[in-house]
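So the chains spell out like this:
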Amino acid sequence: MNHQEKPPEENLTKLMEFVLLGFTDVPHLQWFLFGLFLVIYIIILISNGIIFLITKLDPALQTPMYYFISNFSFLEICYASVTLPRMLINLWTQKRTISFIACATQMCCVLVLAATECFLLAVMAYDRYVAICNPLHYPLIMKHKMCIQLVAGSWISGIPVQIGQTFQIFSLPFCGSNLINHFFCDIPPILKLACGDTFVNEMMVSTVAVLFVTVPFLLILVSYGKLISTILKLSSATSRTRAFSTCSSHLMVVVLFFGSGMITYLRPRTSHSAGTDKVLSLFYTIVTPMINPMIYSLRNKDVVRALRKLLCK
Ligand SMILES: *[C@@H]1O[C@H](CO)[C@@H](O)[C@H](O)[C@H]1NC(C)=O
């Protein structure tokens, strides 16, 4: 909270550590924010943990769709655990320093897991598209091996690119301020601290954002577009309404996640303001892992039935 007490001349150790300012602009809300984020973290762990468990335990949920959902819940737990615990510790202790290497590691993990999330959401949309628009070929296309390949591909394909991107950003020279006006080590606030030319980095960030965020987003929109047009042709009005409400809630979280990500990573550096960046990144790091289990699974009849069965045992 008292970062102003550190004069910039003291930053001789600038290459050793950064300071994550987090929410220091609202000093009176520190305990409220701690409580809020703690509750959110617990919700994320419990809801995703339950879904992971029942999709593994219930024999009725051994289908490709639940295989993806199970891995997705696991991913959400990892993803939230990269940013939230550190944030909670910072709010609790009011000690905000983070070493250079920890900051780089955090950024790399966030980027890798965010890329996985983008790909996995696209895989899940494709799975629903094939299941509904092409039901006869579905068992032929979504064989177990194919599912494993799609999931493994989602996890692995982001890794080399994101490690390269992190390495490139952290090999920039950092001089002057070491105060990161953010609650985790995200690209825009770190690039802001770099001195020297960041043009190449910004190009790289935009290219990666287009490939990893915009392309999966468009694929999802196409899948859901076809899905919805198929659903509209369904004869029964009730199944039409049900399918439509499922699709629209999926689309809502998809737009929230990809929209906030695209605005953050595709905006030119000059138009970044710390306040907007913080709010936007809350959506793609914390809000989506919290609401995804409810939208994707807990609204689902089969999951609710499996949950009841588990609880009644
Ligand atoms: C999710 O998939 C990845 C890639 O195949 C795998 O490494 C990971 O263990 C899976 N997680 C779970 C919990 O099934």
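Predicted, not measured: the structure shown is a model, and the values here were computed from it.

**Focus: the overall build of the chain**
Item 1. For the chain, the count of helices and strands is 10 helices and three strands.
Item 2. Reading the helices (α) and strands (β) of the chain from amino to carboxyl end gives β-α-α-β-α-α-α-β-α-α-α-α-α.
Item 3. At 21 Å, the chain has a C-alpha radius of gyration in line with the 20 Å of a compact globule built from 313 residues.
Item 4. Within the chain, buried positions represent 47% of all 313 residues.
Item 5. The contacts in the chain between residues at least 6 apart in sequence include a share of 79% that link residues at least 24 apart.
Item 6. Total accessible area on the chain is roughly 15000 Å²; 73% of this is exposed by carbon and sulfur atoms.
Item 7. For the chain, the distance from the average position of its 23 positive side-chain charges to the average position of its 14 negative side-chain charges is 16 Å.

**Thoughts on the packing of aromatic side chains**
Item 1. All told, the structure shown has 21 aromatic pairs when counted by the stated rule.
Item 2. Through a chain of ring-to-ring contacts, the aromatic side chains of Phe18, Phe100, Phe170 and Phe174 assemble into a single cluster.

**Observations regarding a nonpolar patch on the surface**
Item 1. Taken together, the side chains of Leu38, Ile42, Leu45, Ile46 and Ile50 define a hydrophobic patch exposed on the protein surface, amounting to about 370 Å² of accessible area.
Item 2. One can find Leu45 in helix 1 (residues 30-57).
Item 3. Looking at Leu45, the relative accessible area reads 33%, which means it is partly exposed.

**Focus: the state of the cysteines**
Item 1. In total, this model carries two disulfides according to the counting rule given.
Item 2. Through a disulfide, Cys103 is tied to Cys185; the S-S separation comes to 2.0 Å. Around the S-S axis, the bridge from Cys103 to Cys185 shows a dihedral of about -115 degrees and counts as left-handed. On the criterion of sequence distance, the pair formed by Cys103 in helix 3 (residues 100-133) and Cys185 in the loop between strand 3 (179-180) and helix 6 (187-193) is long-range, its members being 82 residues apart.

**Let's talk about the confidence of the model for the chain**
Item 1. Looking at the chain, pLDDT values average 89 and 95% of them are 70 or higher.
Item 2. Under a pLDDT of 50 for its full length, residues 1-14 has, in the predicted model, 17 contacts with residues more than four places off or in other chains.

**Digging into the packing of helix 2 (residues 64-93) against helix 3**
Item 1. It is at 10 Å that the axes of helix 2 and helix 3 come closest, and there the two elements cross at 160 degrees. Relative to helix 3, helix 2 is oriented roughly antiparallel. Helix 2 and helix 3 meet at a crossing whose hand is left-handed.
Item 2. Classifying every residue of the contact of helix 2 with helix 3 gives 18 nonpolar, four polar and five charged.

Basis of the calculations
Residues numbered from 1 in each chain as written. Predicted model: local features only at pLDDT ≥ 70, side-chain atom pairs only at ≥ 80, totals over all residues. Heavy atoms only, no water. Helix = DSSP H or I, 4+ residues; strand = E, 2+ residues; numbered from the N terminus. Rg over C-alpha atoms; globule rule 2.2 N^0.38 Å. Buried < 20%, exposed > 50% of the residue type's maximum accessible area, 1.4 Å probe, protein only. Contact = heavy atoms within 4.5 Å. Areas by Shrake-Rupley, 256 points an atom, 1.4 Å probe, with all protein chains shown as cover. Lys, Arg positive; Asp, Glu negative; His and termini not counted. Charge placed at Lys NZ, Arg CZ, Asp CG, Glu CD. Phe/Tyr/Trp six-rings, centres within 6.5 Å; stacked < 30°, edge-to-face > 60°. Patch = residues over 30% accessible without salt bridge, like charges linked within 9 Å, V, L, I, M, F, W, Y side chains within 5 Å. Salt bridge = Lys/Arg side-chain N within 4 Å of Asp/Glu carboxyl O. Disulfide = S-S within 2.5 Å. pLDDT = per-residue confidence, 0-100. Axes fitted to C-alpha atoms, helices over the stretch in contact; angles between N-to-C directions. Parallel < 35°, antiparallel > 145°, perpendicular 65-115°, else oblique. Left-handed = near helix turned anticlockwise from the far one by under 90°. Nonpolar A, V, L, I, M, F, W, Y, C, P; charged D, E, K, R; others polar.

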